[in-house]
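Chain by chain, the residues run as shown.
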Amino acid sequence: FPSHDIFILALIPLASIAEQNTYHCDIQQQVTVEPSGNAAISVPSPIIDRKLAINRKTGEKVGNSVGHFQPAGSGKVLSSGNSANSFVATWLSPSAGGGVHLDVLRIEEFSPNVKKPFMALSGGTLYVGLCE
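Remember, it's a predicted structure, so these values are computed and weren't measured experimentally. (Residues numbered from 1 in each chain as written. Predicted model: local features only at pLDDT ≥ 70, side-chain atom pairs only at ≥ 80, totals over all residues. Heavy atoms only, no water.)

Caption draft 1: Representation of the pairing of strand 1 (residues 22-33) within the structure. The pairing of strand 1 with strand 3 (residues 51-55) spans 5 bridges and is classified as antiparallel. Paired with Cys 25 across the strands is Leu 52, a residue of strand 3. Inspection of the sheet shows strand 1 paired to strand 9 (residues 125-131) by 7 bridges, in the antiparallel sense. Following the sheet pairing, Ile 27 is matched in strand 9 by Gly 129. Sheet topology note: the strand 1/strand 2 (residues 39-42) ladder contains 4 bridges and is antiparallel. Within the sheet, the bridge partner assigned to Val 33 lies in strand 2 and is Ala 39. Between strand 1 and strand 2, which pair antiparallel and follow one another directly, the connecting turn spans 5 residues, one of which, Gly 37, has a positive phi of 95°. (Pairing = 2+ DSSP bridges. Helix = DSSP H or I, 4+ residues; strand = E, 2+ residues; numbered from the N terminus.)

Caption draft 2: Just the layout of surface pockets, in detail. Within this model, the largest pocket holds a volume of roughly 150 Å³. Together, His 24, Cys 25, Asp 26, Gln 28, Lys 51, Leu 52, Lys 115, Leu 130, Cys 131 and Glu 132 line the largest pocket. For the lining of the largest pocket, the secondary structure elements donating two or more residues are strand 1, strand 3 and strand 9. In terms of residue count, the dominant contributor to the lining of the largest pocket is strand 1 (4 residues). Per-class residue counts for the lining of the largest pocket are 4 nonpolar, 2 polar and 4 charged. (1 Å grid on protein atoms, 1.4 Å probe; cavity = no way out; pocket = protein on both sides within 12 Å on 5 of 7 lines; lining within 4 Å. Points joined across faces, edges and corners; volume = space filled by probe spheres on them. Nonpolar A, V, L, I, M, F, W, Y, C, P; charged D, E, K, R; others polar.)

Caption draft 3: How the structure looks around the state of the cysteines. Per the stated rule, a full pass over the model turns up 1 disulfide. Covalently, Cys 25 is tied to Cys 131 through a disulfide, its sulfur atoms 2.0 Å apart. Judged by the sign of its S-S torsion, about 100°, the cystine formed by Cys 25 and Cys 131 is right-handed. Here the residue Cys 25 occupies a position in strand 1, and Cys 131 occupies one in strand 9, the gap between them amounting to 106 residues. Among the residues examined, Cys 131 registers a relative accessible area of 1% and is labelled buried. (Disulfide = S-S within 2.5 Å. Buried < 20%, exposed > 50% of the residue type's maximum accessible area, 1.4 Å probe, protein only.)

By themselves, these figures tell us nothing about what the structure is for.
Spelled out as structure tokens, the structure:
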């Protein structure tokens with residue numbers, strides 16, 4: 001092997017480790033509250049806005065923001081999840097007018113399926129779908 005091929009082969013295990021530390025989630029629906037207090041359920045559009053990725057160890061967002069779900073920096077991982085518990089992370093940041101912005105992500109790590117159900121709450125929007 002030429003030396004650059006060996007270097008590339010050496011990086012492959014690192015890439016797979018990084019992938020194991022990241023949840024890749026596909027948003028299937030989003031729920032907002034109408035002025036009447038009723039739920040408005042919709043499928044987010046366009047397709048690019050339907051995916052989010054979060055580092056399982058640090059809570060850091062990987063890739064683009066999704067709708068209102070735009071966690072800044074590393075979140076606080078409250079539970080890393082296991083066969084009996086959900087992965088839970090939060091992000092807290094200042095908001096206009098002296099308020100706060102809170103994002104919460106809960107992934108049902110205990111689900112027996114390969115794809116795990118999730119819900120993410122951000123602002124007035126609840127996102128639901130599946131993560132791998």
